[in-house]
Amino acid sequence: PSSDCVTAEQLCLSDSTCNATYRTLENCALAKTRLLSLDHDSRLRCLNAELDLGNSSLLHCKCHRRMKRQEHCLRIFWTVHSSMTDGYFNLETSPYENPANEEHWKTDYNKLAALVSGKNCSQLAGDATNPCLRATHVCNLSKKCFRLRTDYASICTKGAGGEDVCDRRKCHRGLRNFFEKVPEDFTKRILFCPCQDEFCGERRRKTIVPDCSFQYNTKPNCLWLLDSCLEDHICKSRLADFQQNCQPIDMSPDGCSLHSHAACLQAYMGMIGTPMTPNYVSNSSVEVSLWCSCENSGNQKEKCDQILGMFESNKCL
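Quick caveat, the model's predicted, so the values are computed rather than measured.

Caption draft 1: Just the overall build of the protein, in detail. Within the protein one finds 15 helices and 2 strands. Expressed as a percentage of the 317 residues in the protein, the buried residues total 46%. Considering only contacts in the protein between residues 6 or more positions apart, those separated by 24 or more positions represent 70%. Accessible surface for the protein amounts to roughly 17100 Å². Of this, 50% is attributable to carbon and sulfur atoms.

If you want it as structure tokens, here you go:
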């Protein structure tokens, strides 16, 4: 049975054989992050060390999306599975626990939504016809949802309209905080609200303050975005989770290999606030994309198109 990787690491370090094997794997992972090319013997030593873990709980450990020491947990996971990312972006397995096994908080969303419905309509102009506005009003009644949404909104709008450029890293951290710490009843309704008109669609597109979190002055190459992502434990983990849960398959009636659209949407939300942050591309459709292009990809054009296609033409998503 899988345990969390922080606990598994503590158990391993207390055993001399496992400890020695784990230290070897740490060196292998370090060489990878520094982009050092390993010779044949070193690669073999790294692969054998991974195999030597055998039935150790480290080999089967997972992390939780909302755990306190998430980055530390993910670092352990990728240390143990460093051979997975050899030369290609297809990450074989998600480091995250199956969503079905994670705790779901009881939320007071419906109670707060009823309060919003009971308010004077003139106070909430356009609320009935704009589900995105309504979802925001409900969020404002929850202390946690209001606080964390206000936090990222203020960080991500700093410098807007002025000469100062916003702090994208802080903006991304604020967004991750919001989507990790606020119950999904609130976050999903704000991000995936169904719109009938462009005013609502524009509000939905601007949920993540795209001027800071999503857009650069010019579109970078998607391969550059991928490289930035693979250098970051959180982004690499969210990408692995997205690839596992949003794997499209043509022969399936719902276009989804795992037949779980809820898990796919959760994995999509996990990408927001990473170097590969996706967003709606317009205010008149639900099409999403990365902010990148595949022009000038040379002989890696096919790989680049594949990365972009995971978001732009993914039937599962």
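Caption draft 2: Here's a closer look at the state of the cysteines. A complete count under the given rule lists 14 disulfides for this structure. Each sulfur in the disulfide pair Cys139 and Cys145 lies 2.1 Å from the other. Here the disulfide of Cys139 and Cys145 is left-handed, its torsion about the S-S bond being about -105°. Pair check on accessibility: Cys139 and Cys145 agree, each one buried. For Cys294, the disulfide goes to Cys304, at an S-S distance of 2.1 Å. Disulfide Cys294-Cys304: torsion about the S-S bond near -95°, hence left-handed. Pair noted here: Cys294 is in the loop between β2 (288-290) and α15 (301-312) and Cys304 is in helix α15, with a separation of 10 residues, a long-range link. The class of Cys294 is buried, set by a relative accessible area of 8%. Judged by its relative accessible area of 0%, Cys304 is buried.

Caption draft 3: Spatial organisation of unusual backbone geometry. With a phi close to 50°, Val209 is a non-glycine residue in the positive phi region. With respect to the helices and strands, the residue Val209 is situated in the loop between α10 (198-205) and α11 (210-213). For Val209, a relative accessible area of 14% corresponds to the buried category. Backbone geometry at Asn296 places phi at a positive 55°, although glycine is not the residue there. Here Asn296 lies in the loop between β2 and α15.

Caption draft 4: Looking closely at empty space enclosed by the protein. Summed over all chains, the structure comprises 2 cavities of 30 Å³ or more. There is about 190 Å³ of room inside the largest cavity. Lining the largest cavity are 13 residues, and of these Arg65, Phe179, Glu180, Gln266 and Gly270 sit closest to its centre. Residue assignment for the lining of the largest cavity shows that the elements contributing at least two residues are α8 (168-181), α13 (233-245) and α14 (261-271).

What counts, and at which threshold
Residues numbered from 1 in each chain as written. Predicted model: local features only at pLDDT ≥ 70, side-chain atom pairs only at ≥ 80, totals over all residues. Heavy atoms only, no water. Helix = DSSP H or I, 4+ residues; strand = E, 2+ residues; numbered from the N terminus. Buried < 20%, exposed > 50% of the residue type's maximum accessible area, 1.4 Å probe, protein only. Contact = heavy atoms within 4.5 Å. Areas by Shrake-Rupley, 256 points an atom, 1.4 Å probe, with all protein chains shown as cover. Disulfide = S-S within 2.5 Å. 1 Å grid on protein atoms, 1.4 Å probe; cavity = no way out; pocket = protein on both sides within 12 Å on 5 of 7 lines; lining within 4 Å. Points joined across faces, edges and corners; volume = space filled by probe spheres on them.

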